Amino acid sequence: MDFSFSKREEKFRASLRAWLEENLPDGWLDGTFPLSKHDPEYSAFLRNWQNKLYEGGWAAIAWPKEYGGRNATLMEEIIYQQEMVRVKAPQLINYVGIHMVGPTLIQLGTEEQKERYIEKIVTGEEVWCQGYSEPNAGSDLSALKTTAVKDGDRWIINGQKVWTSFGHLADKCFLLARTSHHEKKQKGITVFLVDMHQPGVETRPIIQMDGEHDFNEVYLNDAIAYDADIVGEVDEGWKVMITLLMHERTGIGGQLFTLEQQFAELVNLTRELEDNGRRLLEDPFIRQRMVDFYTRTRGSLLNYYRNLTTTLKRGYPGAEGSMDKLLVSELTKEMFEYSVSIQGHQGVLWKEDALADSFWQEQYLYSFGMTIGGGTSEIQKNTIAERMLGLPKDLGR
Ligand SMILES: Cc1cc2nc3c(=O)[nH]c(=O)nc-3n(C[C@H](O)[C@H](O)[C@H](O)COP(=O)(O)OP(=O)(O)OC[C@H]3O[C@@H](n4cnc5c(N)ncnc54)[C@H](O)[C@@H]3O)c2cc1C
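A brief structural summary. Throughout, residues of each chain are indexed from 1 in the direction in which the sequence is written. Local features in a predicted model are, by the rule used here, given only for residues with pLDDT of at least 70; side-chain atom pairs are given and counted only at 80 or more, and totals for whole chains, interfaces and linings are based on all residues. Where side-chain values are given, they derive from all heavy atoms of the structure, hydrogens and water being excluded.

With respect to the nonpolar core
Heads up, the rule is: What we call a nonpolar core is a set of buried Ala, Val, Leu, Ile, Met, Phe, Trp, Tyr and Cys residues that are connected through their side-chain atoms within 4.5 Å. Each residue gets one of three labels from its accessible area relative to the maximum for its type: buried under 20%, exposed over 50%, partly exposed in between, using a 1.4 Å probe on protein chains only. Think of it this way: any DSSP run of H or I at least four residues long counts as a helix, any run of E at least two long counts as a strand, and we number them from the N terminus.
Judged by nonpolar contacts, the single largest core of 71 residues is most densely connected at Leu 53, Ile 157, Phe 174 and Phe 192. Sorting elements by how many residues they give to this core places helix H4 (residues 95-108) first, with 6 residues. In this structure, Phe 263, Met 290, Leu 301 and Val 328 belong to the second largest nonpolar core, which totals 31 residues.

In structure tokens:
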């Protein structure tokens with residue numbers, strides 16, 4: 001495949017660059033932007049940023065035009081991700097909406113659901129979270145205990161979700177609940193679109209080991225959803241659940257662009273750090289590791305391009321997203337572990353005492369979650385084995 005960019009594609013890049021220059025907040029590029037993610041106004045800033053992206057036509061470029069996207073080609077997708085990573089653009093607050101719920105509703109939602117939700121997803125007016133995991137149901141979601149019981153045209157939902165990313169910021173939740181019991185546990189599960197601002201929904205923060213608050217516990221006490229909030233059929237939510245997971249994993253693969261940039265920063269770190277008066281980059285063992293990281297990052301990225309091509313041609317993602325997710329999360333963890341280890345005794349320092357305000361340490365701590373969220377590495381390997389290699393099914397399920 002030819003990865004050089006045509007004139008038309010370079011024009012696309014130039015127009016995105018010009019838009020970013022015009023619209024990134026003052027101080028974003030030179031590091032003087034006054035807000036941090038710990039400021040109370042930060043989530044309002046992120047909603048505003050997503051709305052700006054939407055108005056510029058840059059919020060969901062892979063989506064069909066009729067839903068507010070651009071029908072982006074593979075090369076445009078690549079350019080978009082490269083440019084966003086280059087400027088370290090603000091986080092997409094409605095990541096779950098844009099990369100997971102929106103594409104699933106476009107694929108499987110009713111016309112009313114598309115009408116009701118899609119525009120508000122892309123504008124950032126309604127932020128979404130994903131209510132799948134429970135205290136005793138993660139890798140095996142068929143063990144979930146949250147129930148939804150029919151009451152006229154309403155459903156009364158009770159139970160507990162956990163690890164709900166963006167739950168504290170979200171307006172809506174794509175939630176799995178058990179609606180009936182069958183011998184086959186995958187049957188009897190239904191997907192509901194649940195309003196997070198109702199009295200029956202309570203969100204409690206979970207603080208991570210890096211001190212950050214990205215996810216939550218969500219308690220459902222007689223929470224209410226309606227027939228119109230069901231995606232797919234009652235009791236047949238399993239395939240809807242999987243469809244969203246495929247979108248999630250393919251989206252996570254896109255983090256390879258960030259990893260490529262972080263690799264370049266790691267090379268700079270080995271240029272700056274010295275051991276016995278010699279720059280680390282001159283150490284043959286360190287050079288070998290750098291080449292190893294470079295080769296694997298580049299190889300994973302090329303593999304991601306191939307998978308993205310398949311997804312764009314087919315119109316929806318498949319099991320190959322598991323490959324991307326596995327590669328990017330494991331490689332990220334390994335690379336950041338290495339970045340901390342080469343700092344020697346400085347590696348244990350934190351915040352302002354550490355190099356780069358502990359950027360490397362924080363990324364290292366965060367990387368553990370990457371190999372778990374969206375399905376653990378072991379589960380990705382099972383999916384690759386069964387669905388791509390045709391190996392026999394995992395006996396544990
Ligand atoms: C950063 C982050 C964000 C998350 N965000 C969300 C979110 O927004 N919404 C949401 O619903 N959930 C979210 N999760 C939860 C995540 O999906 C689950 O943690 C994950 O699916 C694993 O489930 P578990 O924690 O219950 O572990 P378990 O399923 O109990 O697994 C424990 C261990 O057993 C292994 N294992 C389990 N089954 C098998 C098997 N069949 N074969 C081989 N090994 C197996 C696993 O790989 C793991 O090592 C998030 C998690 C993280 C870390």
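As for a nonpolar patch on the surface
Quick note on the threshold: A patch is a set of surface residues, each over 30% in relative accessible area and not in a salt bridge, joined within 9 Å for like charges and within 5 Å for the nonpolar side chains Val, Leu, Ile, Met, Phe, Trp and Tyr. Methods summary: accessible areas were calculated by the Shrake-Rupley approach with a probe of 1.4 Å, and residue burial reflects only the protein chains presented. A pairing counts as a salt bridge when a side-chain nitrogen of Lys or Arg comes within 4 Å of a carboxyl oxygen of Asp or Glu.
Taken together, the side chains of Met 388, Leu 389 and Leu 391 present a nonpolar region at the surface, about 290 Å² in accessible area. Its location among the elements puts Met 388 in helix H11 (residues 377-388).

With respect to the packing of aromatic side chains
Let me state the cut-off plainly: When the centres of two rings from Phe, Tyr and Trp lie within 6.5 Å, Trp using its six-membered ring, the rings pair. Their planes under 30 degrees apart give stacked, over 60 give edge-to-face, and anything left gives tilted. In this scheme, the term charge over a ring applies when either NZ of a lysine or CZ of an arginine sits within 6 Å of the ring centre and within 35 degrees of the ring normal.
In this structure the tally under the stated criterion is 19 aromatic pairs. Measuring from ring centre to ring centre gives 5.2 Å for Trp 28 and Phe 33, while their planes differ by 65 degrees; the resulting arrangement is edge-to-face. Looking at Trp 28, the relative accessible area reads 18%, which means it is buried. Where Phe 263 meets Tyr 294, the ring centres are 5.8 Å apart and the plane angle is 45 degrees; that geometry is what we call tilted. Highlighted residues: Phe 263 in helix H7 (residues 256-272) and Tyr 294 in helix H8 (residues 284-314), separated in sequence by 31 residues. Looking at Tyr 294, the relative accessible area reads 44%, which means it is partly exposed. Three or more aromatic residues link up through ring pairs in this structure, and these residues are Trp 28, Phe 33, Tyr 42 and Phe 45. In this arrangement the basic side chain of Arg 204 is found over the ring face of Tyr 219, its NZ or CZ atom lying 4.0 Å from the centre. Residue placement shows Arg 289 over the ring face of Tyr 338; its charged tip is 4.5 Å from the ring centre.

Things to note about the environment of Val 194
In plain terms, the rule: Between two residues, a contact is recorded if the distance between any of their heavy atoms is within 4.5 Å.
For Val 194, the position within the fold is in strand E5 (residues 189-195). When residues no more than four places from it in sequence are discounted, the contact partners of Val 194 are Ile 157, Asp 171, Lys 172, Cys 173, Leu 175, Val 201 and Ala 225.

As for the site of the ligand
Here is the rule we go by: Definition of nearness: a residue and a molecule or strand are near each other if at least one heavy atom of the residue lies within 4 Å of the molecule or strand. Throughout this description, a polar contact denotes any pair of N or O atoms lying within 3.5 Å of each other; where both atoms belong to protein, one of them has to be capable of donating a hydrogen while the other can accept it, and for residues adjacent in sequence the pair is counted only when both atoms sit in side chains. Under the convention adopted here, Pro, Cys and the residues Ala, Val, Leu, Ile, Met, Phe, Trp and Tyr are nonpolar, Asp, Glu, Lys and Arg are charged, and Gly plus all remaining residues are polar.
Around the ligand sit 18 residues in total, of which Ser 133, Ser 139, Trp 163, Thr 376 and Glu 378 are the nearest. Between the ligand and the protein, one listed contact pairs a nitrogen atom with a backbone N or O atom of Gln 130 at 2.8 Å. Here a nitrogen atom of the ligand and a backbone polar atom of Trp 163 are 3.0 Å apart. Only strand E3 (154-165) and H11 provide two or more residues apiece to the shell around the ligand. Residue composition of the shell around the ligand, by class: 5 nonpolar, 11 polar and 2 charged.

Comments concerning helix H2 (residues 42-56)
Count 3.6 residues to each turn of an α-helix, and residues three or four apart come out pointing the same way. So the rule is basically this: In this scheme, a helix's expected span is set at 1.5 Å multiplied by one less than its residue total. Here the arc refers to the directions that run from the helix axis out to each C-beta atom.
Over its 15 residues, H2 runs 21 Å from end to end, which matches the ideal 21 Å to within 8%, given 1.5 Å per residue. Residues of H2 that are buried include every one of Tyr 42, Phe 45, Leu 46, Trp 49, Gln 50 and Leu 53, and no others. Down the axis of H2, the sector holding all buried residues measures 135 degrees, keeping them to one side. On its buried side, H2 packs onto helix H1 (7-23), helix H3 (74-86), H4 and helix H5 (111-123). Positive backbone phi, at 80 degrees, marks Gly 57, one or two positions downstream of H2.

Observations regarding the environment of Gly 375
The residue Gly 375 is located in the loop between helix H10 (359-370) and H11 in this model. Between the C-alpha atoms of Gly 375 and Asp 292, which are 83 residues apart in sequence, the distance is 26 Å. In this structure, Gly 375 is in contact with Arg 249, Lys 325 and Gln 380, ignoring residues within four places of it in sequence.

A word on the pattern of salt bridges
Under the definition given, this model contains 28 salt bridges. For the salt bridge of Glu 334 with Arg 289, the shortest nitrogen-to-oxygen distance reads 3.5 Å. Of this pair, Glu 334 sits in helix H9 (residues 321-341) while Arg 289 is found in helix H8, placing the two residues 45 residues apart along the sequence. On the basis of relative accessibility, which here comes to 27%, the residue Glu 334 falls in the partly exposed class.

Some remarks on the packing of H7 against H8
Basically, it comes down to this: Interaxial angle, 0 to 180 degrees, is taken between N-to-C directions of lines fitted to C-alpha atoms, where a helix line uses only the stretch in contact. Small angles under 35 degrees read as roughly parallel and large ones over 145 as roughly antiparallel, with 65 to 115 read as roughly perpendicular and the rest as oblique. Each helix crossing is assigned a hand: it is left-handed if the near helix lies turned anticlockwise from the far helix by less than a right angle, otherwise right-handed if that turn is clockwise.
Relative to each other, H7 and H8 sit at 165 degrees, their axes nearing to 10 Å. When the axis of H7 is compared with that of H8, the two are roughly antiparallel. For H7 against H8, the interelement crossing comes out left-handed. Across from Leu 256, Phe 257, Leu 259, Glu 260, Phe 263, Leu 266, Val 267 and Thr 270 in H7, the residues of H8 making contact are Ile 286, Met 290, Phe 293, Tyr 294, Thr 297, Arg 298, Ser 300, Leu 301, Tyr 304 and Tyr 305.

Considering the state of the cysteines
Test applied: In plain terms, two cysteine sulfur atoms within 2.5 Å form what is called a disulfide here.
The full count for this structure, using the stated rule, is 0 disulfides. No disulfide involves Cys 129; its sulfur sits 3.6 Å from the nearest other cysteine sulfur, which is in Cys 173. Note on Cys 173: relative accessible area 3%, which makes it buried.

With respect to the environment of Asp 140
For Asp 140, the location among the structural elements is in the loop between strand E1 (128-131) and strand E2 (147-151). Classification of Asp 140 as partly exposed rests on a relative accessible area of 30%. Residues Asp 140 and Glu 76 lie 64 residues apart in sequence; the distance between their C-alpha atoms is 36 Å. A polar atom in the side chain of Asp 140 sits 2.6 Å from the side chain of Ser 142.

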